[in-house]
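Structural features, examined
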Amino acid sequence: MVKRNQLSPPQPPLPIEEQCKSLIKNLASCKQTIRDRSLRTVLRTWLPEQTSIPDESMKKLWQGIFYCLWHADKPLYQSELIDRLSAALNSLPLPLSLHDFAAFLFTMRREWSRIDRLRLDKFYLLIRRFLNGLFEIMDGSAWDLELTRRLMGVLFDGTFLAGDRFSGSGVNYHVACAFVEEVRPFLPLRKEVLEVVFGPFVVVMGVVSDKVLVGKIKSCLFDELLKNGKKLVDVKKCGGDGGVCEEEDDVVVLGSVALSMEFAKRFYEMGSSPDCCQGNRKVIFALRKEFLQLEKEMLSSGIEVCDMEGSRRCEVEVPELVPIEADGLNAVAEKIVANGSWKKKKSLKKCSKSKTGSVKKDADVVNHGNKKDETMISDLRQEFEKIASEMGPVRDEVASVCEEAEPLSVAKKSKKRKRENKGVVEQGNREAAESGLPGPSSEKSSKRVRFSLKNNVVWKPHCPIPPKYLRLPPSATPRGSALKKGIPAGPVREFCQSRKTKKKVKPSTRKVVKRRSRI
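Residues numbered from 1 in each chain as written. Predicted model: local features only at pLDDT ≥ 70, side-chain atom pairs only at ≥ 80, totals over all residues. Heavy atoms only, no water.

As annotated in an unreviewed UniProt entry, the chain carries the name Ribosomal RNA processing protein 1 homolog and is attributed to Brassica cretica. The heading Subcellular location (unreviewed entry) in the UniProt record of the chain holds the text "Nucleus". Of the comments in the UniProt record for the chain, the one headed Sequence similarities (unreviewed entry) reads "Belongs to the RRP1 family." (UniProt positions renumbered as here; feature names shortened; annotations may be inferred.)

As structure tokens, this is what we get:
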């Protein structure tokens, strides 16, 4: 006999390649809900559980992530998605995060030629955030030299010194442009760390054959260091010694990097080495000349660069918390209730009704606030009365502000009463017009003037044409033949619409022929 309630044996887990196929398919979906669900699964559950992923599987996974960002349209959603992707670098284990960063650079270089100009901005932002995430990993390890050297090697091997066949020059250009801006929040650093971070750029300028990349590195990195170094020397010469090491602005931080790294010596060694490209020697020796002049100016003026080690404050100062007693809290609550608006009081009352446990406390606070309001109103009333007594005769004419207005009883008037009032008002207006005295004001009269087209002035035929200086409505101005000279104004004829008459149908000739034939 077969047991019905027998449990099925546990199925073995799918291999990584099969799991990647299903995830990649969902990541590249056209529906946002499917993409979000798949990305949540990858970042929260699947990736943290993996100890090692094959290189091909990681590249395929990043191809799906690339198209997941490709389909993201709105800027807020794009920035949120990029933040989630870049935050995974710090949450994953270190070997897996390095593999993830290397696969990201490879995917960017491979897919860069397919990106159109409308989608460039979000991929530029993705490169910046991943570059910042790389520096955060170094900062989390207290800028360990071995780890920093390893991470910078992954960055340079995946971008500037990549030996693949893909033409991802745009990735290299943007990394060169954004490097100083992204590393700036983590400066200043020790001199040994600065040599690992900035030193490889000198080698790249000598080895790379792309002149555009050489120009980008020169203008965005070394020219920026030169500019801030010259400004720092000028500040030191003017006597601005106090607090230079404590300041963390661009002039002090980047200028000290330019003065302490001895770039002139490095450029000379690179320019004179046989590995240097012949077309890049001119740019390298020009930079060497400028840095050498800057270093000589620093030595001649006797300027000393402060020690960079330990100058950046890694610890955040926490403010001391002052304990507040119960009396202080009650005083603050009284002030809020006394000075608050009526809406706050209503909200307090609603909360007191909803929460039975705190009914008594809320009621005491509200009653205390009402007492405060009454005292404030009484003080204001006394001040108004004092001002009114000083003004004297004005008090009889104008009612006091503090006096409460008595409600007036408005009775409904009958139709007969309205007619009588209307006749009295018209009679008063006529008498005032005859005697030349001003009639009753329009403010006190209850008569309302209504305008209608029937009662307006209309020009009639056989009437004299009104003078030109008289302003009349359009309906009262004569038109047509009345404006012609020598023709008297006649009646205005309105022509009615002509009725359509049916055409008389002539008898057909065929019938006549038939009749004749019959005859």
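In this section: the overall build of the chain. Along its length, the chain carries 19 helices and zero strands. Taken across its 519 residues, the chain has 32% of its residues classed as buried. Across the chain, every contact between residues at least 6 apart in sequence was considered, and the portion connecting residues at least 24 apart equals 70%. Accessible area for the chain stands at about 37900 Å²; split by element, carbon and sulfur atoms hold 54% of it. (Helix = DSSP H or I, 4+ residues; strand = E, 2+ residues; numbered from the N terminus. Buried < 20%, exposed > 50% of the residue type's maximum accessible area, 1.4 Å probe, protein only. Contact = heavy atoms within 4.5 Å. Areas by Shrake-Rupley, 256 points an atom, 1.4 Å probe, with all protein chains shown as cover.)

Here the focus is helix H5 (residues 94-111). The terminal C-alpha atoms of H5 lie 26 Å apart, and with 18 residues this matches the ideal 26 Å at 1.5 Å per residue to within 8%. When you tally the buried positions in H5, you get 14 out of 18 residues, the bulk of the element. (Expected span 1.5 Å × (residues − 1).)

With that settled, the discussion passes to the packing of helix H10 (residues 211-237) against helix H13 (residues 281-301). As a packed pair, H10 and H13 sit with axes 11 Å apart at the nearest point and diverge in direction by 15°. Taken as axis vectors, H10 and H13 run roughly parallel relative to one another. Crossing of H10 against H13: the hand is left-handed. Taking contact as the criterion, the partners of Val-214, Lys-218, Phe-222, Asp-223, Leu-226, Gly-229, Lys-230, Val-233, Asp-234 and Lys-237 in H10 are, on H13, Val-283, Leu-287, Glu-290, Phe-291, Leu-294, Glu-297 and Ser-301. Its residues assigned to classes, the contact of H10 with H13 comprises eight nonpolar, two polar and seven charged. (Axes fitted to C-alpha atoms, helices over the stretch in contact; angles between N-to-C directions. Parallel < 35°, antiparallel > 145°, perpendicular 65-115°, else oblique. Left-handed = near helix turned anticlockwise from the far one by under 90°. Nonpolar A, V, L, I, M, F, W, Y, C, P; charged D, E, K, R; others polar.)

Moving on, we get to the pattern of salt bridges. Applying the stated criterion to the full structure yields 13 salt bridges. Where Arg-119 meets Asp-116, a salt bridge forms, and the shortest distance between an N and an O atom there is 3.4 Å. Connected through shared salt-bridge partners, Arg-110, Glu-111 and Arg-114 make up one network. (Salt bridge = Lys/Arg side-chain N within 4 Å of Asp/Glu carboxyl O.)

We now examine the nonpolar core. Side chains of a nonpolar character, in soluble globular proteins, are inclined to be buried together. Counting residues in each nonpolar core, the largest one holds 98 residues, and the members touching the most others are Phe-179, Phe-198 and Phe-222. Those residues within four positions of Phe-198 in sequence are excluded, and the remaining contacts are Phe-179, Val-183, Leu-221, Val-257, Met-261 and Phe-263. (Core = buried A, V, L, I, M, F, W, Y, C linked by side-chain atoms within 4.5 Å.)

Let us look at the packing of helix H9 (residues 191-207) against H10. Direction vectors running N to C along H9 and H10 enclose 150°, while the axes themselves pass 10 Å from each other. With respect to each other, H9 and H10 are oriented roughly antiparallel. Between H9 and H10 lies a crossing whose hand is left-handed. Residues Phe-198, Phe-201, Val-202, Val-204 and Met-205 of H9 form the contact with H10, whose own contacting residues are Val-214, Ile-217, Lys-218, Leu-221 and Phe-222.

Of note, the amide linkage connecting Leu-187 to Pro-188 takes the cis form, showing an omega dihedral of 0°. The backbone of Ala-142 shows a phi angle near 60°, a positive value even though the residue is not glycine. Mapping Ala-142 onto the fold places it in the loop between helix H6 (120-140) and helix H7 (145-158). Judged by its relative accessible area of 54%, Ala-142 is exposed. Unlike most non-glycine residues, Glu-262 shows phi in positive territory, near 55°. Its location among the elements puts Glu-262 in the loop between helix H11 (250-260) and helix H12 (263-271). When its relative accessible area of 42% is taken as the criterion, Glu-262 is described as partly exposed.

As a further point, take the environment of Pro-185. Mapping Pro-185 onto the fold places it in the loop between helix H8 (169-183) and H9. Given a relative accessible area of 56%, Pro-185 falls into the exposed group.

This brings us to the packing of aromatic side chains. Evaluation of the coordinates by the stated rule reveals 24 aromatic pairs. Three or more aromatic residues joined by ring pairs make a cluster, and in this case those are Phe-135, Trp-143, Phe-156, Phe-160, Phe-179, Phe-186, Phe-198 and Phe-201. Directly above the ring of Phe-106 sits Lys-59, whose terminal nitrogen or CZ lies 4.0 Å from the centroid. (Phe/Tyr/Trp six-rings, centres within 6.5 Å; stacked < 30°, edge-to-face > 60°. Lys NZ or Arg CZ within 6 Å of the ring centre and 35° of its normal.)

The next thing to look at is H6. Helix length check: H6 (21 residues) gives 30 Å between terminal C-alpha atoms against 30 Å at 1.5 Å per residue, within 8%. Of all the residues in H6, the buried ones are Lys-122, Phe-123, Leu-126, Ile-127, Phe-130, Leu-131, Gly-133, Leu-134, Phe-135, Ile-137 and Met-138. The secondary structure elements touched by the buried residues of H6 are helix H3 (55-70), helix H4 (75-91), H5, H7 and H8. Two residues or fewer past H6, Ala-142 is found with a positive phi of approximately 60°.

Turning to its location among the elements, Leu-120 is positioned in helix H6. Each C-alpha atom of the pair Leu-120 and Trp-70 lies 10.0 Å from the other, and the pair is 50 residues apart in sequence. Setting aside its immediate chain neighbours within four residues, Leu-120 contacts Trp-112 and Ile-115.

In this structure, Glu-304 sits in the loop between H13 and helix H14 (326-339). Exposure remark for Glu-304: the relative accessible area of 67% places this residue in the exposed category. On a C-alpha basis, the gap between Glu-304 and Val-233 in space is 10.0 Å, while along the polypeptide they are 71 residues apart.

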